[in-house]
Amino acid sequence: MSKLRVAVLGAKGRIGSEAVRAVEAADDMELVAALGRGDKLETLTESGAQVVVELTTPASVMDNLDFCVRHGIHAVVGTTGWSEERLAQLNTWLADSPETGVLIAPNFSIGAVLTMKFAEQAARYFESVEVVELHHPNKADAPSGTATRTAQLIAEARRKAGCAPQPDATTTALDGARGADVDGVPVHAIRLRGLLAHQEVLLGGEGETLTIRHDSLHHSSFMPGILLGARRVVTTPGLTFGLEHFLDLN
Ligand SMILES: NC(=O)c1ccc[n+]([C@@H]2O[C@H](COP(=O)([O-])OP(=O)(O)OC[C@H]3O[C@@H](n4cnc5c(N)ncnc54)[C@H](O)[C@@H]3O)[C@@H](O)[C@H]2O)c1
Ligand SMILES: O=C(O)C1=N[C@H](C(=O)O)CCC1
C-alpha cells in the first residue's frame, strides 16, 4: 500500500519538530517536506504532499491554509487563534475546493479532548464553572485555544439546559482579576516556567465541587492525535473542528 505523503509547516517549532519525528516514525507515512518560516509554499506542491500538518502561528496559518486548500492539499491544523470570521473565511475557500478536508484541533491530546467532553457533560449540573489554563511562558496567545473551546462547549451545554447565569457578587475588581469572559465562562491563564500545557475545569454546586484536570507533560502527548488526524482528514472533505469527531467517544 502506498504511504501517505505528509508535510509539516512550522517544522522547527516546539510541536512541529516533534511532529516531524512522529511522521518519520509512522510506517504508513512519508515525510515529503518540513518547512519553516520563509520557506516557499510551492515546495508542498512540488513534493506531492497530500496532507499538511500546520503548526505555525496565528499570524501565518491563514495564508498557509489558503495555499493548501487552493491546491487541494488536506490539512491538519493545531495552530490556535480561531475566530468566527477566520472559520467563515476558511469555509469559503473550502466551498471552492469541495474534495479538500481540513481538521482544526484545539488540542490533539486524548486527555484534553476527554476533559472538554467531561466538562461539557458536567456543566449543566453545577451553578458555577470556571476554567484555568496553565502553560509554558513562551506561549504567544491567551487564553489557550483549548480553554476557549472548553468554555464555548460549557456555555453551549448550559444554554441548552436552560441554566441560570453563574452567581458572582463581585462589584469591584481590578482589570483581569476575574479572568477573561468567554461566552459567560471566566477563563484564567497562568504562564509559568516548567509547565507545558495544563487545564483545570472547576465546577461548584451547593456543598460540593468537581475539578477536572488534564496535564500534557511532553509534546509526545499530541502526536497520536496528529497522526490520526492526518489519516482521517484525507477521506473527510470540508471543515472538521475538534479531534473528537475522529474518535468514537459516545
Ligand atoms: N492543537 C494542539 O494540540 C497544540 C499543541 C501544541 C501547540 N499548539 C499550537 O501550535 C502553534 C505552535 O506552537 P509552538 O509551541 O510549536 O510554537 P513555536 O513558536 O515553537 O513554533 C512555531 C514555528 O512556526 C514557524 N513559522 C511561523 N510562520 C511560519 C510560516 N509561515 N511557515 C512555516 N513556519 C512558520 C516559526 O518560525 C516557529 O518555528 C501555536 O499556535 C500553539 O498554540 C497546538
Ligand atoms: O503549547 C501551546 O501553545 C499549546 N497550545 C494549544 C492551545 O492553545 O490550546 C494546545 C496546548 C498546547
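Under an unreviewed UniProt entry, the name given to the chain is 4-hydroxy-tetrahydrodipicolinate reductase, and the source organism is Streptomyces atratus. According to its UniProt record, the chain has this under Sequence similarities (unreviewed entry): "Belongs to the DapB family." In its Subcellular location (unreviewed entry) section, UniProt records this for the chain: "Cytoplasm".

### Details of the sheet that holds strand S9 (residues 197-205)
The 5 strands lie next to each other as S7-S8-S6-S9-S10, forming an open sheet whose pairing is mixed. The open sheet has two edge strands, strand S7 (180-182) and strand S10 (208-216), and neither has a second partner. Taking each pair of neighbouring strands and ignoring which way they run, the sheet shows an average axis angle of 25°. In this sheet, strand S8 (residues 185-191) lies alongside strand S6 (residues 128-135) in parallel orientation, the contact comprising 5 bridges.

### Considerations on the site of ligand 2
Taken together, the residues surrounding ligand 2 are Thr80, Pro106, Asn107, His135, His136, Lys139, Ser144, Gly145, Thr146, Ala197 and Phe222. Here an oxygen atom of ligand 2 sits 2.9 Å away from a polar atom, N or O, in the side chain of His136. Notes on ligand 2: free accessible area 310 Å², of which the protein chains cover 85%. A class-by-class count of the residues in the shell around ligand 2 yields 3 nonpolar, 7 polar and 1 charged.

Analysis parameters
Residues numbered from 1 in each chain as written. Chains lettered and ligands numbered in written order. Predicted model: local features only at pLDDT ≥ 70, side-chain atom pairs only at ≥ 80, totals over all residues. Heavy atoms only, no water. UniProt positions renumbered as here; feature names shortened; annotations may be inferred. Pairing = 2+ DSSP bridges. Helix = DSSP H or I, 4+ residues; strand = E, 2+ residues; numbered from the N terminus. Axes fitted to C-alpha atoms, helices over the stretch in contact; angles between N-to-C directions. Near = heavy atom within 4 Å. Polar contact = N/O pair within 3.5 Å; in protein donor to acceptor, adjacent residues only side chain to side chain. Areas by Shrake-Rupley, 256 points an atom, 1.4 Å probe, with all protein chains shown as cover. Nonpolar A, V, L, I, M, F, W, Y, C, P; charged D, E, K, R; others polar.

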